[in-house]
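Per-entry structural report
Next come the chains, spelled out residue by residue.
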Amino acid sequence: MSLSVLLGSCFTGSVLGMYLGQSFLHSLVAAVASGGAVRIWGIESPAVRQRFRLGVIIAAVFSFPVYQLIDPDRGSAYFRLGAVFDSARWLTLELAGIPLSIFFLLMIAATGAVFLHQELIPVIGHTLEARKKSMPESARPLNGILPGGPGVFVFQSDELLSFSIMGREPAIYISSGLEQVLDAGEVAASIAHEAAHIERNRKPMLTAVFFLRVLQFFNPVALFEFRKIVQEEEKICDGIAASATGRPEALAGALRKIYRGAETASPKSPLSLGDIEEYSHGLHIKSRIERLERWECCDERGRWPELAFTFFAIAAINYFMV
Amino acid sequence: MKKKFLIRAALSVAAIAALVVFLKTLNWLPSAIEDGYMRSYADVSGLRLKSGIKDPHVPSYFPEGLRWPPSAILAQRRPYPAIIMEFNGTKRNDVCLEIFQYARGGRMPAEGRIKFSEIKEKARYALKGRPALLEAGVCGGEPCSRITWDEGTYRMRAVMKSPPFELIRVAGSMLR
């Protein structure tokens, strides 16, 4: 057997290989279909957009095992002959003597490396660090900001920082630098944003999605979609803060001051991975600020019929993607 | 509002249809670049000449109830060599014999067109000296049997709507 056939057989003849290949394919189709649906239906609400993106991660993790349970013969020649798309045809193809399956292998290896370097190691490091460190005792409470809500504290630092600590006793910390730079309304909006994170974390959907995403460490589509889900989460919390304070322009102002320059960053040439990350982050901040500046208390309907139709179509197409 | 919804619904359906057409085109593209993917052949000589598989195993013994030539022949060289041959009955139009020839390591379907509703007996059998697994059972209310063995680089399986006796003769006639 040639290398292309051997590698192609690994991806189409073994359960693990089929899972790797089909998870990628299923999530790609789900991402394209969900992205199209969001545009066609004019969906602006980040909560609904997040649901569409969540569907992509779910498709990546669960489609293949569920379909195999429905029909264990999905990998067979009969099934492949009638499939909408048969990955074996591409994975056993050679272009200029190089099997295309090599490129697929390289892609999943690169994605795994990015996941390890940019997500897993930093998350583990951050968790370990957070356990060792406690907040400085000098942090002073900021009373009267969130009556009945989590405690708000100011810690000594010139950097412009605000973050929240989850858990049994959630708390919000802002730096003294931030307190000096922002006006009172902007400070209140930033705190409301952090409080929204704490409130939403009571149902730790993001943590559950992260675990699903870990299972898809090799899948570039899952990597991209998970980052988008996190970005939508920020916009959801922006919305909650804007509604709670009634001053979206204050949060926009705070964002502009905290991320000064980020939203105006332009891509450099030649691009490095870091530049792309920075540029993408800048675009995200810019879109958050723009959204808050043209704030109208958005259409927060669940859009369940649109969601159901899109997911049904994705499930039907993916069933015939092998 | 309702009109806008309907337009968007129609656009969604059109977008999904466009996606399916795009995927179908992508699926066809490799066969335009290289041949060897699963396709059907009109007859056995066509299979021998065009499939690139040098040693297709075809039975030379046919009991009375089976019709020659095969009603369907599917074969591929990629990702691994495989042949599926189906034979209809003389007095009936459904598949009565199926022969699978798959490269070992390939993914042979657990069942083809003839589906077992119950397996009543399994036995080891020496098919012209080759160790084989013989199974007898019921398919849609009528007796059927199948035999599986390894032949060189291939795994072979013959499934027939008949008791094992005729199947063994058919399978034996495929071997030299």
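You'll find the structure just up there.
Presented here is an overview of the structure given in this document. Owing to the predicted nature of the structure, the values given are computational and were not obtained by experimental measurement.

**Points about the overall build of chain A**
Each helix and strand in chain A was counted, giving 13 helices and six strands. Every one of the 322 residues in chain A was classed for burial, and the buried ones make up 49%. Sequence-distant contacts, at least 24 apart, represent 70% of the contacts inside chain A between residues at least 6 apart. Approximately 16,000 Å² of chain A is accessible, and the part contributed by carbon and sulfur atoms is 64%.

**What about the packing of helix 2 (residues 15-40) of chain A against helix 3 (residues 46-70) of chain A?**
Residues and elements named next belong to chain A. Interhelical geometry of helix 2 versus helix 3 gives an angle of 150° and a closest axis separation of 8 Å. One way to sum up the angle between helix 2 and helix 3 is to call them roughly antiparallel. Remark: the crossing between helix 2 and helix 3 carries right-handed chirality. The segment helix 2 lies against helix 3, with V15, M18, Y19, Q22, S23, H26, S27, A30, A31, S34, A37 and V38 engaging R49, F52, V56, A59, A60, V61, S63, F64, P65, Y67 and Q68. Partitioned by chemical class, the residues of the contact of helix 2 with helix 3 number 15 nonpolar, seven polar and one charged.

**What to know about a nonpolar patch on the surface**
All names here are of chain A. A grouping of I58, F62, V66 and I70 is seen on the molecular surface, where their side chains present a nonpolar patch of about 350 Å² in accessible area. Position of I58 relative to the elements: it lies in helix 3. On the basis of relative accessible area, I58 is assigned to the partly exposed category, the value being 38%.

**Quick look at the layout of surface pockets**
All names here are of chain A. For the second largest pocket, the calculated volume is near 890 Å³. Lining of the second largest pocket is provided by 32 residues; of these, I43, E44, R49, E232 and K235 occupy positions nearest its centre. Broken down by secondary-structure element, the contributors of at least two residues to the lining of the second largest pocket are helix 2, helix 3, helix 10 (220-245) and helix 12 (273-293). Here the residues of the lining of the second largest pocket sort into nine nonpolar, eight polar and 15 charged.

**Details of the pairing of strand 5 (residues 162-165) of chain A**
Both faces of the sheet carry side chains from a regular strand, because those side chains alternate between them. As defined by bridge partners, strand 5 of chain A adjoins strand 6 (residues 171-175) of chain A across four bridges and the pair is classed as antiparallel. Bridge pairing in strand 6 of chain A links S164 of chain A to I172 of chain A.

**With respect to unusual backbone geometry**
Residues and elements named next belong to chain B. Here the residue pair W68 and P69 is connected by a cis peptide bond, since its omega of 5° sits within 30 degrees of zero. Locating P69 in the fold gives a position in the loop between helix 2 (44-50) and strand 2 (72-76). Positive phi, close to 50°, is recorded for K128, a residue that is not glycine. Summarising the element assignment, K128 is placed in the loop between strand 5 (118-127) and strand 6 (130-139). Take K128: its relative accessible area is 51%, and that puts it in the exposed class.

**Remarks on the state of the cysteines**
By definition, a disulfide links the sulfur atoms of two cysteine residues through a covalent bond. Residue and element names in this part refer to chain B. Enumeration according to the criterion identifies one disulfide over all chains in this entry. The disulfide partner of C139 is C144, and the S-S distance across this bridge is 1.9 Å. Disulfide C139 to C144: torsion about the S-S bond roughly 75°, handedness right-handed. The class of C139 is buried, set by a relative accessible area of 5%. Residue classification places C144 among the buried residues on the basis of a relative accessible area of 1%. Unpaired in terms of disulfides, C96 finds its nearest cysteine sulfur in C139, a separation of 11 Å.

Analysis parameters
- Residues numbered from 1 in each chain as written.
- Chains lettered and ligands numbered in written order.
- Predicted model: local features only at pLDDT ≥ 70, side-chain atom pairs only at ≥ 80, totals over all residues.
- Heavy atoms only, no water.
- Helix = DSSP H or I, 4+ residues; strand = E, 2+ residues; numbered from the N terminus.
- Buried < 20%, exposed > 50% of the residue type's maximum accessible area, 1.4 Å probe, protein only.
- Contact = heavy atoms within 4.5 Å.
- Areas by Shrake-Rupley, 256 points an atom, 1.4 Å probe, with all protein chains shown as cover.
- Axes fitted to C-alpha atoms, helices over the stretch in contact; angles between N-to-C directions.
- Parallel < 35°, antiparallel > 145°, perpendicular 65-115°, else oblique.
- Left-handed = near helix turned anticlockwise from the far one by under 90°.
- Nonpolar A, V, L, I, M, F, W, Y, C, P; charged D, E, K, R; others polar.
- Patch = residues over 30% accessible without salt bridge, like charges linked within 9 Å, V, L, I, M, F, W, Y side chains within 5 Å.
- Salt bridge = Lys/Arg side-chain N within 4 Å of Asp/Glu carboxyl O.
- 1 Å grid on protein atoms, 1.4 Å probe; cavity = no way out; pocket = protein on both sides within 12 Å on 5 of 7 lines; lining within 4 Å.
- Points joined across faces, edges and corners; volume = space filled by probe spheres on them.
- Pairing = 2+ DSSP bridges.
- Disulfide = S-S within 2.5 Å.

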